[in-house]
Amino acid sequence: AEAKKIAIAMMQEHKPGWKLPSGLSWRKDNQCWFYKKSVNGKTIALGCYPNTIEGLQMATSAAGLFDAVYTKEFKAAITEDNVEEKRREIKERFKLNVKPRAKKRKARTIDNAEAKKIASAMMQKVKPGWEFPSGLSWHKGGQRWEFKKSVNGKLLSLGCYPNTIEGLQMAAFVARRFDAEYTEEFKATITEANMEEMMRVIRERCELYEEIASAMMQKVKPGWEFPSGLSWHKGGQRWEFKKSVNGKLLSLGCYPNTIEGLQM
């Protein structure tokens, strides 16, 4: 039901009046749309499509192709002797309609200087005069930004962020939180004995993922509220949605920390 709502909402923006083709159903295990149709009482599978605008356009084209092939004349030509051959014929026509998959190219990695240029150009468009937060450095291996600050001479990592507008806004938010929390008064309370504890405190005060997510969503949807059951998965750096069903915790998917991910 949720996948159907998302698909219709996406496609209505792109093509007003669009309807989900008959025969298209959501495969929860593969997280894709499965297209199947009945040919003389037997269901045949005609492909899986991702839950994206391009995937749904392909599924719509497949539905159009099936309707064009499986006509009254085609049905009339089916007999008990040739029914399997006719089903195979329909499948073959769909195979011819599928474009060969292009070879997957290895993603190009970028260095710190190029990443900084891209980041600055992106942010200047949405926020003129935006400045790069101190402590943000490019992690070439992970192809993402890492925010690190020194706490009494010890380097503290405060999260990694994608090279996107949302990712950089999150990093800037955490940078502001650090400056607000790591005051002269806070420094004065740090001793050798409580060093580790104080580092944990400042990390907790800065990595306010719910506040960051809410701030992002309020810009595109004022009044947006944080869904119950959504929690931050620190290891995977994503949101996980879990609910209790008869006392047993059930995981219902993970979502990236982006506007699109939170909308899903």
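Now for a description of the structure that goes with this document. (Residues numbered from 1 in each chain as written. Predicted model: local features only at pLDDT ≥ 70, side-chain atom pairs only at ≥ 80, totals over all residues. Heavy atoms only, no water.)

**Observations concerning the overall build of the protein**
Within the protein one finds ten helices and nine strands. For 264 residues, the compact-globule estimate of 2.2 N^0.38 gives 18 Å, and the protein exceeds it by more than 25% at 26 Å. Here the protein holds 264 residues, and 34% of them are scored as buried. Of all intrachain contacts in the protein linking residues separated by at least 6 positions in sequence, the fraction that spans at least 24 positions is 48%. Counting only carbon and sulfur atoms, one obtains 53% of the accessible surface of the protein, whose full area is about 17100 Å². Distance from the positive charge centre (46 side chains) to the negative charge centre (31 side chains) of the protein: 5 Å. (Helix = DSSP H or I, 4+ residues; strand = E, 2+ residues; numbered from the N terminus. Rg over C-alpha atoms; globule rule 2.2 N^0.38 Å. Buried < 20%, exposed > 50% of the residue type's maximum accessible area, 1.4 Å probe, protein only. Contact = heavy atoms within 4.5 Å. Areas by Shrake-Rupley, 256 points an atom, 1.4 Å probe, with all protein chains shown as cover. Lys, Arg positive; Asp, Glu negative; His and termini not counted. Charge placed at Lys NZ, Arg CZ, Asp CG, Glu CD.)

**Describing the layout of surface pockets**
The computed volume of the largest pocket comes to approximately 700 Å³. Glu2, Ile6, Leu252, Tyr255 and Met264 are the residues nearest the centre of the largest pocket, which is lined by 24 residues in total. Of all the secondary structure elements, the ones that give two or more residues to the lining of the largest pocket are helix H1 (2-14), strand S8 (238-245), strand S9 (248-255) and helix H10 (259-263). Top element by residues in the lining of the largest pocket is S9. It accounts for four residues. Classifying every residue of the lining of the largest pocket gives 15 nonpolar, five polar and four charged. (1 Å grid on protein atoms, 1.4 Å probe; cavity = no way out; pocket = protein on both sides within 12 Å on 5 of 7 lines; lining within 4 Å. Points joined across faces, edges and corners; volume = space filled by probe spheres on them. Nonpolar A, V, L, I, M, F, W, Y, C, P; charged D, E, K, R; others polar.)

**A few points about the packing of aromatic side chains**
Applying the stated criterion to the full structure yields eight aromatic pairs. Where phenylalanine 132 meets tryptophan 145, the ring centres are 4.9 Å apart and the plane angle is 65 degrees; that geometry is what we call edge-to-face. Residue phenylalanine 132 is located in the loop between helix H5 (112-126) and strand S4 (136-139), and its partner tryptophan 145 is located in strand S5 (residues 144-151); the two are separated by 13 residues in the primary sequence. Chaining the aromatic ring pairs together yields one cluster made of Trp130, Phe132, Trp138 and Trp145. (Phe/Tyr/Trp six-rings, centres within 6.5 Å; stacked < 30°, edge-to-face > 60°.)

**With respect to the sheet that holds strand S2 (residues 32-39)**
With antiparallel pairing, three strands are arranged side by side in an open sheet as S1-S2-S3. Among the strands making up the open sheet, the edge pair consists of strand S1 (24-27) and strand S3 (42-49). Averaged over all adjacent pairs, the angle separating strand axes in this sheet is 35 degrees, with direction ignored. Contacts from helix H2 (residues 53-69) reach S1, S2 and S3, with the element oriented near 5 degrees to S2. (Pairing = 2+ DSSP bridges. Axes fitted to C-alpha atoms, helices over the stretch in contact; angles between N-to-C directions.)

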